[in-house]
Amino acid sequence: MAKTMTAKSKTTRSSAAGSDSKKDVAKPKRPPTLYNLFIKENTKKWREAHPEDSYKNAFKEVAKMWKDAPENPNRGKPSSSKKKGLSEVSTNV
């Protein structure tokens, strides 16, 4: 005897979860950070001076400029990398 297929109703989780994931329209945007403002302003200047360069390269160069910029509150401080190198990890042998 051959099995017959039954029609299943298709429901997606996205429709049920979609009602909870709506953004609050009245919530104000937070202001841009000093880094965001620096990148926006200096990327325009970099692109005008180097129109042949890609945006990726422009962002890379402007990010290097940020490291020593007077607007940077962390200027001169070592970067706070969350990853630890092998030399920093202590071994209990």
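Just so you know, these numbers come straight off a predicted model, no measurement behind them.

(A) Structural view of the layout of surface pockets. Of the volumes computed, that of the largest pocket is approximately 260 Å³. Lining of the largest pocket is provided by W66, K67, D68, N72, N74, R75, G76, K77, P78, S79 and S80. Split into classes, the residues belonging to the lining of the largest pocket amount to two nonpolar, five polar and four charged.

(B) Region of interest: the packing of aromatic side chains. By the definition in use, this model includes two aromatic pairs. Look at Y35 and W66: their rings are 5.5 Å apart centre to centre, the planes differ by 75°, and that puts the pair in the edge-to-face class. Taken together, the positions of Y35 in helix α2 (residues 34-49) and W66 in helix α3 (residues 55-67) put the pair 31 residues apart, joining distant regions of the chain. W66 sits in the buried class, given a relative accessible area of 12%.

Criteria and thresholds
- Residues numbered from 1 in each chain as written.
- Predicted model: local features only at pLDDT ≥ 70, side-chain atom pairs only at ≥ 80, totals over all residues.
- Heavy atoms only, no water.
- 1 Å grid on protein atoms, 1.4 Å probe; cavity = no way out; pocket = protein on both sides within 12 Å on 5 of 7 lines; lining within 4 Å.
- Points joined across faces, edges and corners; volume = space filled by probe spheres on them.
- Nonpolar A, V, L, I, M, F, W, Y, C, P; charged D, E, K, R; others polar.
- Phe/Tyr/Trp six-rings, centres within 6.5 Å; stacked < 30°, edge-to-face > 60°.
- Helix = DSSP H or I, 4+ residues; strand = E, 2+ residues; numbered from the N terminus.
- Buried < 20%, exposed > 50% of the residue type's maximum accessible area, 1.4 Å probe, protein only.

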